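Residues per chain, in single letters:
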Amino acid sequence: FRTKLSKENLMNILTDYFNIKKEEFFLKKGRWNNSRKLGIYFFRKYTDIPLNLLGSMFGGVTGNDISLIAKKIESLRNSSKDLDELLKKIECRFKT
């Protein structure tokens with residue numbers, strides 16, 4: 001399953017799941033903002049938004065950093081059953 005989602009649809013799913021306001025979703029809230037990192041992962045994986053634009057959306061992150069964060073989450077997903085289950089729960093919402 002590799003459906004591309006619109007920015008608005010993906011943002012609605014993620015903000016609903018993490019119970020955060022849309023205005024807060026893209027803000028840098030410190031280094032360990034996990035919902036933001038997972039947002040970067042999902043936006044990279046499920047949208048066609050260019051890296052530089054994703055970086056701007058997420059508070060001035062470089063396109064390279066967007067790629068690195070997405071790859072890191074994917075790597076952690078492969079080694080962490082808990083993270084994999086969390087990501088699967090969120091991805092199930094993409095299908096509805």
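Now for a description of the structure that goes with this document. (Residues numbered from 1 in each chain as written. Predicted model: local features only at pLDDT ≥ 70, side-chain atom pairs only at ≥ 80, totals over all residues. Heavy atoms only, no water.)

Brief notes about unusual backbone geometry
What counts, and what does not: The secondary structure listing takes helices from DSSP runs of H or I that are at least 4 residues long and strands from runs of E that are at least 2 residues long, numbered from the N terminus. Categorising residues by exposure relies on relative accessible area from a 1.4 Å probe, with only protein chains included: less than 20% of the type maximum marks a residue as buried, more than 50% marks it as exposed, and the intermediate range marks it as partly exposed.
Positive phi outside glycine occurs at Asn19, with the angle close to 55°. With respect to the secondary-structure elements, Asn19 resides in the loop between helix H1 (7-18) and helix H2 (22-25). Classification of Asn19 by relative accessible area gives exposed; the value is 69%.

Considering the packing of aromatic side chains
Put simply, the rule is: Only centres within 6.5 Å qualify two rings of Phe, Tyr or Trp (six-membered ring in Trp) as a pair; their planes then separate them into stacked at under 30 degrees, edge-to-face at over 60, and tilted for everything else.
All told, the structure shown has six aromatic pairs when counted by the stated rule. Between Tyr17 and Phe18, the aromatic rings sit 5.3 Å apart at their centres with planes inclined by 85°, giving edge-to-face as the arrangement. Of the residues examined, Tyr17 reaches a relative accessible area of 25% and is grouped as partly exposed. Between Phe42 and Phe94, the aromatic rings sit 5.3 Å apart at their centres with planes inclined by 85°, giving edge-to-face as the arrangement. Linking Phe42 in helix H3 (residues 34-46) with Phe94 in helix H6 (residues 81-94), this pair joins segments that are 52 residues apart in sequence. Classification of Phe42 by relative accessible area gives buried; the value is 0%. Connected via pairs of aromatic rings, a cluster forms that spans Tyr41, Phe42, Tyr46 and Phe94.

Section: the pattern of salt bridges
In a structure, side chains of opposite charge can pair up when their charged atoms sit close to one another. Rules: Salt bridge, as used here, is a side-chain nitrogen of Lys or Arg placed within 4 Å of a carboxyl oxygen of Asp or Glu.
Counted by the stated rule, this structure contains six salt bridges. Across the salt bridge formed by Asp16 and Arg93, the nearest N and O atoms sit 3.0 Å from each other. Of this pair, Asp16 sits in helix H1 while Arg93 is found in helix H6, placing the two residues 77 residues apart along the sequence. Given a relative accessible area of 32%, Arg93 falls into the partly exposed group. Close ionic contact of Asp84 with Lys88 constitutes a salt bridge, the shortest N to O distance being 3.1 Å.

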